[in-house]
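Descriptive analysis of the structure
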Amino acid sequence: MSDPQVAVAMLLILLLAIFLGFPVAFTLMALGVAFGYYAYLNPGRMWRAYERAVEDGADGWTLTEHWIGGFFNNRIFDLFVNQTYSVISNDVLTAIPLFLFMGYIVERSNIIERLFGTLYIATRRVPGSMAVAALITCTLFATATGIVGAVVTLMGLLAFPAMLKARYNISYASGVICAGGTLGILIPPSILLIVYGATAGVSVVRMYAAALLPGLLLAGLYLIYVVAKAVLQPQVAPKPTRDEVGHYSVVQISWMLLTSFVPLAVLILAVLGAILFGLATPSEAAAIGALGGVVLAAAYRALTWQRLKESVYLTARTTAMVCWLFVGSATFASVFAYLGGQQLISDFVTGLDMSPLMFLIVAQIIIFILGWPLEWTEIIVIFVPIFLPLLAHFEIDPLFFGVLVAVNLQTAFLSPPMAMSAYYLKGISPPHVQLSDIFRGMMPYMLIVILCMVIIYIFPQIVYGLPNLIYGG
């Protein structure tokens, strides 16, 4: 087999291992080291000291020592160490554990429950008011955490039973929770955008500015659908009676909003504003957000030693997963490129003579399909780098491509049969709620995601407008 064919075999084995359920990060590292050992194999250099020892008539112990030393004298081990160091010392990734900690500590405070209740009361006259309140709460909470499983699970415990009790259609209610919970990987401050920026070499600050309007656009399209569905089919979201909602004056509602909605919104805007306007780096703003999350939890009397310990533990675990994925991906990609796999793919794609639009469509379809079995972290650090070198050939801006990928990856949590949002929600739902009901509720939101991508392509200023306004063209 030629080296490029070995590289293709390497990629196919990776896909097979992922589908079989092997840990992705360690599979990447194992394949990178194993195939890298073959790629960098140079017996004359590696066992030179051993051969000299044989010529000198050294004893068996010395020969064994030199042979083992020669075995580990392969350049793949140097590459692995260098890649590990470069990932761990990457300043951009420092923001990840801080944003994660902010999300986990906010999740464990009781602010979300109060926020949902307040928004439901404030929007009580809007068709589908409870679904609207759930979607807005999901959007804010997802933005603060960026952790899809946490948002869907918590909102599934808070809002989903309340909607079922209010006689909402099961599919309608479940779709709102699942779709709203995924917005955190798109709307800044998003960890996905940090990971993409580090992978593609794109400024995280510009990524945040570029993704803000598309994220709000998608949330707005979701909101329009929720209200329109309630207007056209009132039976899916019955209007609440005055007794069900209660009697509240404007002053009371304003005070409830001030004590529940405003604090979290101010925290998010402070973190995001500090980044966008250059007042702080993403890492510094993330530190501010982490401190703000602790202050919020303390203000709501939800800060306990147990909750703090849980937040730190979950932060360390998730951060380690992301970092090891980066290490494995960097090692795998380096060996894959050295064997000629990247060039083989590049030559194949460029030989198809596709237009930039056709390339974008094909790339997004592949990412959409990969979203069925894989998490967004695996797609970003393993497969997106395969497309990145091709962007220059098709004259596609990595910033624009990254935003489309971030929007597209919403479908990774919404597309059956491996829609993780559905399984998160099913795990905490009453027994009578079936997966088929949840899947039916999510399908319209997948179409809305595709519509959003089309709008972004037709009107690229949705992506470029804010970065150009703040930082110049």
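Notes on the structure follow. (Residues numbered from 1 in each chain as written. Predicted model: local features only at pLDDT ≥ 70, side-chain atom pairs only at ≥ 80, totals over all residues. Heavy atoms only, no water.)

Turning our attention to the pattern of salt bridges. This structure, assessed with the given rule, holds one salt bridge. With a closest N to O distance of 2.4 Å, R440 and D437 form a salt bridge. Here D437 and R440 lie together in helix α23 (residues 435–458), a separation of three residues that amounts to about one turn. (Salt bridge = Lys/Arg side-chain N within 4 Å of Asp/Glu carboxyl O. Helix = DSSP H or I, 4+ residues; strand = E, 2+ residues; numbered from the N terminus.)

Along an α-helix, a turn takes 3.6 residues, which lines up residues three or four apart on a common side. Turning to helix α18 (residues 341–351), its buried residues are G341, Q342, S346 and V349. For α18, the buried positions fall inside an angular range of 135 degrees around the axis, keeping them on one side. In α18, the exposed positions that point more than 90 degrees away from the buried face belong to F348 and G351. Buried-residue contacts for α18 involve α1 (3–19), α17 (305–338), α19 (356–370) and α20 (376–391). Two residues or fewer after α18 comes D353, characterised by a positive phi angle close to 55 degrees. (Buried < 20%, exposed > 50% of the residue type's maximum accessible area, 1.4 Å probe, protein only. Arc of directions from axis to C-beta. Contact = heavy atoms within 4.5 Å.)

Moving on: the side chain of D437. You can call D437 buried: its relative accessible area is 13%. Once residues within four sequence positions are removed from consideration, D437 is found in contact with I170, S171, S174 and H432.

Geometry of a packed helix pair, given as the angle between the helix axes and the separation of the axes. Remark: helix α2 (residues 24–39) packs on helix α6 (residues 75–88), axes separated minimally by 8 Å, with the N-to-C direction vectors making an angle of 145 degrees. For the pair α2 and α6, the sense of crossing is right-handed. Here M29, G32, V33, G36 and Y37 of α2 come into contact with α6, specifically with I76, F77 and F80. Within the contact of α2 with α6, the residues separate by chemical class into six nonpolar, two polar and no charged. (Axes fitted to C-alpha atoms, helices over the stretch in contact; angles between N-to-C directions. Left-handed = near helix turned anticlockwise from the far one by under 90°. Nonpolar A, V, L, I, M, F, W, Y, C, P; charged D, E, K, R; others polar.)

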